Amino acid sequence: MRAAPKFATNVEVLVVNRPDAGKPLQDFLAARLGLSRRAAKAVIDGRSVWVNRRCVWIAHHALKTGDAIEIPKAVVAAARRQAGSAKTAIAPEERKHVRVLVETPDYIVADKPAGILANEDPKSVEAILRVQVKQPNLQAVHRLDRDTTGCLLFAKTYAAYVAAVEIFKTRRVSKTYAAIVAGSFPYAHQKIDTPLDDQPAVSIVTREAASPDASFLRVRIETGRTNQIRRHLAGVRYPIVGDRTFGLKSARDPRLMTVPRQMLHATALALPDPMRKGEEIKAHSPLPADFRSALKLFGMGKRSGR
């Protein structure tokens, strides 16, 4: 007899009964979780839904009797909070407070939280900071993915923005990231230089710690291609834990389904101050709580304070 699958305690588990067989995944989640269809689709689009240990991101996926659906409880809670906040129309600046890591007369380095865009959105870090620091012309110089956290540079004026963009086009900007990947990474150091989108791309990887099932890496990038670290690590078959786009599409280990976002954090940023010759902008962001929790989850907790 096949043993029943083990489910993690921080995962919502829904089993499809006979009356629900044939229902689209979106409708099933909306009914069982008490969400709107739109909110249920957002959870699916976030690639946080696993059906029989396989990640499913098709809203109309037809369910079968006995299917086991697993979703991180944190994702379900966030969907319910977001639905509630939409009803009360909370202003973007009231939703989050963004920590400022470094401020100069021309720039701010902020500690970007997970779950919000860097810019070009009314709820973005840029929009929140404009109100928070009373700088209506603040502009993000570069970007981090919605679910990537850490150091993000903003310019206070258009002149400062243009000058910083020119610096970013050179290799005088140092960007270092922390990442947790699936699998035991075999190399103490590795240079990944696979071109991306027909453009040169270089990532320098250092192994900080490894367990049998996951590894903690530091990655310094010498180029800034779209999703570079996520694509490079997936390309060498050590995808970032929690990455629903380039990561694992199936999971035998239930812990992999409990991580609500990609474990990628911009720990350090350094560059010559574009507006002040001879000066430098340097910032460091400590590992966020969910990243430290993921390290502990995979047996690498001793490194969690770094």
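How each quantity is defined
Per chain, the residues get numbers from 1 upward, laid out in the order the sequence is written. Given that the model is predicted, a residue must reach a pLDDT of at least 70 before its local features are reported, and side-chain atom pairs must reach 80 or more before they are shown or counted; all residues, however, enter totals for whole chains, interfaces and linings. To obtain the side-chain values, all non-hydrogen atoms of the structure were used and water was disregarded. Whether two strands pair depends on DSSP finding at least two bridges between them. Runs of H or I in DSSP of at least four residues are treated as helices and runs of E of at least two as strands, each being numbered from the N terminus. The contact criterion used is simple: two residues touch if any of their non-hydrogen atoms lie within 4.5 Å. Here the axes come from fitting lines to C-alpha atoms, over the contacting stretch only for helices, and the angles between their N-to-C directions go from 0 to 180 degrees. Any pair of Phe, Tyr and Trp rings, taking the six-membered ring for Trp, is counted once the centres come within 6.5 Å. Such a pair is stacked with planes under 30 degrees apart, edge-to-face with planes over 60 apart, and tilted for the rest. The rule is simple: take the accessible area with a 1.4 Å probe, protein chains only, and divide by the maximum for that residue type; under 20% is buried, over 50% is exposed, in between is partly exposed. pLDDT is a per-residue confidence score from the predictor, ranging from 0 to 100. The definition of a nonpolar core used throughout is a set of buried Ala, Val, Leu, Ile, Met, Phe, Trp, Tyr and Cys residues joined through side-chain atoms within 4.5 Å. Any pair of nitrogen or oxygen atoms within 3.5 Å is treated as a polar contact; in protein, a donor-acceptor pairing is required on top of that, and neighbouring residues in sequence qualify only through side-chain atoms on both sides. Relevant arc is that of directions from the helix axis to the C-beta atoms, nothing else. Handedness of each helix crossing follows the sense of rotation of the near helix against the far helix: counterclockwise by less than a right angle gives left-handed, clockwise gives right-handed. Polarity classes work like this: nonpolar for Ala, Val, Leu, Ile, Met, Phe, Trp, Tyr, Cys and Pro, charged for Asp, Glu, Lys and Arg, and polar for all others, with Gly in that last group.

J.: Would you mind going over the sheet that holds strand β2 (residues 50-51) with me for this structure?
T.: The strands making up a sheet associate through hydrogen bonds between their backbones, and the pairing can be parallel or antiparallel. Spatially, the four strands line up as an open sheet ordered β1-β4-β2-β3, and their pairing is antiparallel. Each edge of the sheet is formed by a strand with only one pairing partner; in this case those strands are β1 (11-15) and β3 (54-55). Inspection of the sheet shows β1 paired to strand β4 (residues 68-72) by five bridges, in the antiparallel sense. The residue bridging leucine 14 from the neighbouring strand is isoleucine 69, located in β4. Most of the contacts of helix α1 (residues 25-33) go to β1, to which it runs at about 110°, and overall it touches β1, β2 and β4.

J.: Would you explain the packing of aromatic side chains in this entry?
T.: Aromatic ring pairs: the centre-centre distance and the angle between the two ring planes describe each pair. Taken as a whole and assessed by the stated rule, the structure comprises four aromatic pairs. Ring plane angle 75° and centroid distance 5.2 Å describe the contact between phenylalanine 185 and tyrosine 238, whose orientation is recorded as edge-to-face. Here the residue phenylalanine 185 occupies a position in the loop between β9 (174-182) and β10 (189-192), and tyrosine 238 occupies one in the loop between α7 (228-235) and β13 (264-272), the gap between them amounting to 53 residues. Across this residue pair, the class does not change: phenylalanine 185 and tyrosine 238 are buried. Taken together, the ring pairs connect Phe185, Tyr187 and Tyr238 into an aromatic cluster.

J.: Honestly, the confidence of the model for the protein in this entry has me stumped. Any pointers?
T.: Low pLDDT means the predicted atomic positions in that stretch should not be read closely. Averaged over all residues, the pLDDT of the protein is 88; the fraction at 70 or higher stands at 92%. The lowest-confidence element of the protein is helix α4 (residues 92-95), averaging 45 in pLDDT; the highest-confidence one is strand β6 (residues 107-112), averaging 98. Low pLDDT, under 50, characterises residues 87-94; the stretch is placed with seven contacts to residues that sit more than four places away or in other chains.

J.: What is the right way to look at the nonpolar core in this model?
T.: Proteins that are soluble and globular tend to have nonpolar side chains buried together. Membership of the largest hydrophobic core comes to 48 residues, with the highest contact counts inside it found for Ile180 and Leu233. Residue contributions to this core peak at six residues, all from β9. Once residues within four sequence positions are removed from consideration, leucine 233 is found in contact with Ala179, Val181, Ile192, Val205, Leu217, Tyr238, Pro239 and Ile240.

J.: Mind showing me how you'd approach unusual backbone geometry here?
T.: For residues other than glycine, phi is negative in most cases, and the peptide bonds are mostly trans. The residue arginine 47 is not glycine, and still its phi comes out positive at about 55°. Considering the arrangement of structural elements, one finds arginine 47 in the loop between α2 (37-45) and β2. Positive phi, normally seen in glycine, also occurs at arginine 237, with a value near 70°. Judged by relative accessible area, arginine 237 falls into the exposed class, the value being 74%.

J.: Before we go on, may I ask you to explain the side chain of arginine 261 in this structure?
T.: In this structure, arginine 261 sits in the loop between α7 and β13. A polar atom in the side chain of arginine 261 sits 3.4 Å from the side chain of threonine 149. Looking at arginine 261, its side chain comes within polar contact range of the side chain of aspartate 290, at 2.7 Å. Leaving out residues up to four positions away in the same chain, arginine 261 has contacts with Ala114, Asp147, Thr148, Thr149, Val241, Gly242, Pro288, Asp290 and Phe291.

J.: Would you explain α7 in this entry?
T.: Every α-helix winds through 3.6 residues per turn, so residues three or four apart in the chain are directed the same way. Within α7, the full set of buried residues consists of Gln228, Ile229, Arg230, His232 and Leu233. Downstream of α7 by a residue or two, arginine 237 has a phi angle that is positive, lying close to 70°.

J.: In this structure, what is going on with helix α5 (residues 125-132)? I would like to understand it.
T.: Residues Val125, Glu126, Ile128 and Leu129 constitute the buried set of α5. Along the long axis of α5, the arc covered by the buried residues comes to 160°, so they all point the same way. Where α5 terminates, the next one or two residues include lysine 134, which has phi positive at roughly 55°.

J.: Help me out: how do you make sense of the side chain of threonine 104 in this one?
T.: One can find threonine 104 in the loop between β5 (99-103) and β6. Not counting the four nearest positions on each side in its chain, threonine 104 is found in contact with Lys156, Asp273 and Ile281.

J.: Could you clarify how one ought to interpret the packing of α1 against α2 in this entry?
T.: Packed helices, taken two at a time, are described by the angle between their axes plus the distance between the axes. Axis separation between α1 and α2 bottoms out at 8 Å; the angle between their running directions is 115°. Considering how the two elements wind past one another, α1 and α2 form a crossing that is right-handed. Across from Leu25, Gln26, Asp27, Leu29 and Ala30 in α1, the residues of α2 making contact are Arg37, Arg38, Ala40, Lys41 and Ile44. Of the residues that constitute the contact of α1 with α2, the class distribution is five nonpolar, one polar and four charged.

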